[in-house]
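Chain residues, written in single-letter form:
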Amino acid sequence: MMTKHLGLIFCFILIILGSSYSQIVIVTPPDASSIEQLAAKEIQRYLYVRTGIRFDIRLDAGSETQVVAVAAKKSNQWNQYPEADFQQQIANLQDSGYHIQTFLRDGTKSVCIVGGGDSGVLYGAYRFAESLGIRFGLHGDIIPDETMKAELPEIHVQASPLFRIRGVQPFHDFPEGPDWWNAGEYKSILAQLPKLGMNFFALHCYPEEFPIDPKAYPNAEPSVWIGLKDDLNEDGTVAFSYPSSWYNTARGNWGYQPKKTSAYSFGASTMFERDDFGGDVMEGRSPQPASLEDSNALFNDAGALLGDAFSFARSLGIQTCIGAETPLTLPVRLKERLRRQGRDFDSIQTAQALYEGMFKRLMLTAPIDYYWFWTPERWTWQGNSPEQIQHTKDDLTAAMRAAEAVEAPFQFATCGWVLGPVQDRALFDRFLPKSFSMSCINRQVGKEPVDPAFKRIEDRSLWAIPWLEDDPNLLMPQLWAGRMRADAVDARDYGCDGILGIHWRTRVLDPNVQALAKAAWNQDWKQEQITRNRNESLKGANYVQIPKRPINKTNTPDLYTSQIEGPLQYQMSAPNGVYTVTLHFCETEATRANQRVFDVVVQGATVLKGFDPFKRAGRYTAHVESFSARVANETLSIHFSPVKGAPRIAALEIEGRGMGRRVNCGGGDYLDFTADLPLELSVYRDQPVGDFYQDWAYSQFGAQAGEKAADLFSSLDGELPITTTWVRGPGSLKPDSTPWDVRQTEYAYVQAFENLRGDVQGPLSLERFEYWSNQFHFQKTIAHIQCLWHQYNLKMQEANRESVSKQAEYAKAHVLPLRMEIIRQIESAYQFLVNTVCTTGGMGMIANWEQQNFPALLDAPARELSSMLGEELPAAALLRKDYPGPERLIVLTPRSLYRQGEPLQLRVIHLGEEQPEIIQLKMRAIGDSEWLERKARSLSNRVFHIDVPFTDLPEGGFEYYVEAVHASGGSVASPASAPKRGWTAVVTKM
């Protein structure tokens, strides 16, 4: 197993300062695979990053006294190391495992990096880089500021993953996520996965639901095309399709209002090169394609984009997965076409024909390893009927027949917001072939643990999917390293062989990403004590209070005045044995039969089918049902699944040997009935994180600030304030009635972190410190704005109570000053936010700010206040257009790995008062001293593009940075270490 703090230990090991060791050579076998060659190039690159010296890659060590040998275990070069323990250890390696061992012989130090297979070789190379002090995130590499001597460390470590499948599931639908990724973003993130020890990348695709709720749902996403084989061209392009889109600023939905980027505030308008900003495939097609030709072109371009990304992933040994929801949701335009063809679009035969077309297109465009079927999102909060389950089974049957008909080369998996139907989460295990993998995301946006139903499924690949972040608080930093560890422990305990993290953003999630990635390989920190109670939960419900009135057929009428409503699921601790379960019902709303109908399932068995409380007992009449249930796993489950309307229950009783329990559903203690279980789970951190943050903070901020920063982040993990929530969409602000002098005490950590600034040394560590400082200041300022918003609303209410003749006077004296203070705080918050932008996800947060939050926080109140004043608002009460902050040069998502034939392409944003005279790339081969220059092309006022053809990229790898030069002679460069040190990248055959 990997030792703790591997890099921290070895980056400071310089065995003999000033020794005779000097030159290092990297040795690969003559028949090295493309991955073995890549591993060698990456070792060469990271040694250069840490020492400033480029060392050669050779087929033999020659006379050099320091050697890094890298190859799979099958290589003959390991015969040079006949030691029995070494040979035994490498013989036992599986494909993904690796062994690293240092040998000292006759004045030569050799570090042997052995992989069980190609993937193990690459993982071993990156663990070697960690021994040099480097760390890896989903957004990029974390490089120490200081250089080290050209001295190889002494290492002896062997590791194998705890999970076969390890990866991420970026989620489409918001601008903060992959909707705005282009090929460069996909490949940059994919290249980081092996560095994190990950090997899986999966995408979900929303279907068309626009006719259901146009305010909430967008139209279909272009990730997955639904259609017939007859509508495919030979190359996999489509000849018929329907409107689809990924998020763009002209579209709106999910709480975002359409808005031109040129209308953005505080200089943010200059960060976007077009008004209807989105991914490149949406250019000219926003908010959605206007014609059949444009719809087809969008699907074709999206297919080419994902095909390019998935091909890149496969070359790195990363498996890919994509899929849509089941049963298939057919777009309106497709339904019309099927109807004209005389097809029954509800039949299993039509579903099979559509799946044949879908799978055939994927075979021609994207080299996927899995296609997965997502059960609908509504199943987690509406439940599901038996008819819906059967429809899903029919759909899956059609898909299996289609795959056989077209000889699909990929495997199948299930996923969704729940593992399976509310009646039995493991139900699909009894229906689907064991070749199907099964997975689901954690419920309650990740706040609930991994579903224990996984442990009831055997002989099948199972993937747990915890949330690296949640969308209600999407605008804010979220620290969940302890929860990631806890979910990884649960997943392993339940027999899962896969673990993926669902997310939108990248850099702001770095602790969570690293914690999950490491927990997929090593759980030495595991504690047996889990602070949350896994066996007790109440899911998917709302409390309902009933006005007091006479209740028939009961001596305890008050028991029925509080009820709980929804697609309920009670899960309660109970010793193994036989119990009597008694359920109390009382219909208080329905006035006739068939208005509220539901099923009741106890321990997986349906005990009430199509239960109608009005039909059974009438209105305002208590009704009791009792059943026998056996508990075999110390957990008793009771599910209430809607058929029509929402299920309701007033109380429940459980009686058995050694246990009696009565619950007043939806209410407090009453007689011998206890209060109901809480609807909301408390915030928790239930696995230790001190060791994790010790390593993470040292790598981020350096040794001097690292220890105090580690303590601070450890204390914040799982305890960071939840500043925003879902009101209109992800990360919504809302008025806060708590006085600011009280609320601000929750944000004392912002100043505590700021106090560490003097201990941070070096430009890279300082840049990382600034990033987190700005994130924290942004969060605190948002909290302040929400408190001001509440005070503003109170003053507006008072103004509205004034007579018409006095309203303007009152508003000018009491409401307008609060509006001006909100604007001042927004300017501060905006600057903090802009200072964190370094990815398209960061730009998406600006879109969230402008299009999801400003309409409610600023736009509508401005119109109301202006009308009350009878005049336009003064400038101090409005958002300014110019950029008020320090000069910044943003290079979005620089890459570190290129396949031969790929150009280097960069999008660069310049912010500042003075327009630079030139934006240019400086590039040199790794180890060279002379920089070559290439001028950027302007896309708009402050957005630039740099394109270097493959033929101009040094084959052995290159170093590069971007600078903005002013006519006055001043300049600003990116990365922060430039011009002394730039980013580095390798070019390789894959």
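Keep in mind it's a predicted model, so treat the numbers as computed, not measured.

Asker: Hey, could you run me through the sheet that holds strand β35 (residues 937-938) in this one?
Answerer: The strands that make up a sheet are held in pairs by hydrogen bonds between backbone atoms, and each pair lies either parallel or antiparallel. Strand order in the open sheet made by the 4 strands is β30-β32-β36-β35, with antiparallel pairing throughout. Looking at strand neighbours, the two that pair on one side only are β30 (888-891) and β35, the edges of this open sheet. Pairing geometry for β30 and strand β32 (residues 904-911), over 4 bridges, is antiparallel. When the bridges of β32 are listed, Ile890 appears paired with Ile909.

Asker: Hey, could you run me through the pattern of salt bridges in this one?
Answerer: Side chains that differ in charge, positive against negative, can pair when their charged atoms come close. One pass over the full model with this rule turns up 55 salt bridges. As a salt-bridge pair, Arg58 and Glu64 come within 3.4 Å of each other at their nearest N and O atoms. Its salt-bridge partner being Asp429, residue Arg460 comes within 3.0 Å of it at the nearest N-O pair. With Arg460 in the loop between β14 (437-441) and β15 (462-465) and Asp429 in the loop between β13 (411-416) and β14, this pair connects stretches of sequence that are 31 residues apart.

Asker: Quick question: what am I supposed to make of the side chain of Glu469 here?
Answerer: By secondary structure assignment, the location of Glu469 is in the loop between β15 and α10 (481-493). At 2.7 Å, the side chain of Glu469 and the backbone nitrogen of Arg505 are in polar contact. Once residues lying within four places of it in the same chain are set aside, the contact partners of Glu469 are Leu474, Gln478, Ile502, His503, Trp504, Arg505 and Leu509.

Asker: So what exactly am I meant to see when it comes to the environment of Leu921 here?
Answerer: Assignment of secondary structure puts Leu921 in strand β33 (residues 918-925). With 43 residues separating them in the primary sequence, Leu921 and Ala964 have C-alpha atoms 9.1 Å apart. Setting aside its immediate chain neighbours within four residues, Leu921 contacts Leu904, Leu906, Leu932, Glu933, Arg934, Ile946, Val948, Tyr960, Tyr961 and Val962.

Asker: Which parts of the structure should I look at to understand the pairing of β15?
Answerer: Within a regular strand, side chains alternate between the sheet's two faces. Of the two faces of β15, the one carrying Leu462 and Ala464 and the one carrying Trp463 and Ile465 are both buried. Strand direction decides the pairing type here: β14 and β15, joined by 4 bridges, are parallel. By the bridge assignment, Cys440 is partnered in β15 with Ala464. Sheet topology places β15 next to strand β16 (residues 498-503); 2 bridges connect them, and they run parallel.

Asker: Hey, could you run me through the sheet that holds strand β18 (residues 542-545) in this one?
Answerer: Spatially, the 3 strands line up as an open sheet ordered β18-β19-β26, and their pairing is antiparallel. Each edge of the open sheet carries a strand with a single partner, namely β18 and β26 (648-649).

Asker: Can you walk me through the environment of Pro222 in this structure?
Answerer: The topology assignment puts Pro222 in the loop between β10 (200-205) and α6 (292-315). As a C-alpha pair, Pro222 and Asn300 span 78 residues in sequence and 8.9 Å in three-dimensional space. Beyond its immediate sequence surroundings of up to four residues, Pro222 is in contact with Ser244, Ser245, Trp246, Leu298, Phe299 and Ala302.

Asker: What should I look at first to understand the confidence of the model for the chain in this one?
Answerer: Caution applies to low-pLDDT regions: their predicted coordinates should not be interpreted in detail. Looking at the chain, the pLDDT average stands at 91 and 94% of residues meet or exceed 70. Note that residues 529-535 has pLDDT below 50 and, in this model, 20 contacts with residues that lie over four places away or in other chains.

Asker: What should I look at first to understand the nonpolar core in this one?
Answerer: A general tendency of soluble globular proteins is for nonpolar side chains to be buried together. Phe128, Phe201, Tyr355, Phe359, Tyr371, Phe701 and Trp772 are the most contacted members of the largest nonpolar core, which has 166 residues in total. The residues touching Tyr355, leaving out its near neighbours within four places in the chain, are Leu328, Tyr371, Phe373, Asp395, Ala398, Ala399 and Ala402.

Asker: Is there a simple way to think about unusual backbone geometry in this case?
Answerer: One can expect most non-glycine residues to show negative phi and most peptide bonds to be in trans. Omega for the bond connecting Ser974 with Pro975 falls within 30 degrees of zero, at 10°, which places this linkage in the cis form. Tracing the backbone shows Pro975 in the loop between β38 (971-974) and β39 (983-988). Note the cis peptide between Ala978 and Pro979, where omega equals 5°. Take Pro979: it is sitting in the loop between β38 and β39. The backbone phi angle of Glu407 is positive, close to 55°, even though this residue is not glycine.

Cut-offs and rules
Residues numbered from 1 in each chain as written. Predicted model: local features only at pLDDT ≥ 70, side-chain atom pairs only at ≥ 80, totals over all residues. Heavy atoms only, no water. Pairing = 2+ DSSP bridges. Helix = DSSP H or I, 4+ residues; strand = E, 2+ residues; numbered from the N terminus. Salt bridge = Lys/Arg side-chain N within 4 Å of Asp/Glu carboxyl O. Polar contact = N/O pair within 3.5 Å; in protein donor to acceptor, adjacent residues only side chain to side chain. Contact = heavy atoms within 4.5 Å. Buried < 20%, exposed > 50% of the residue type's maximum accessible area, 1.4 Å probe, protein only. pLDDT = per-residue confidence, 0-100. Core = buried A, V, L, I, M, F, W, Y, C linked by side-chain atoms within 4.5 Å.

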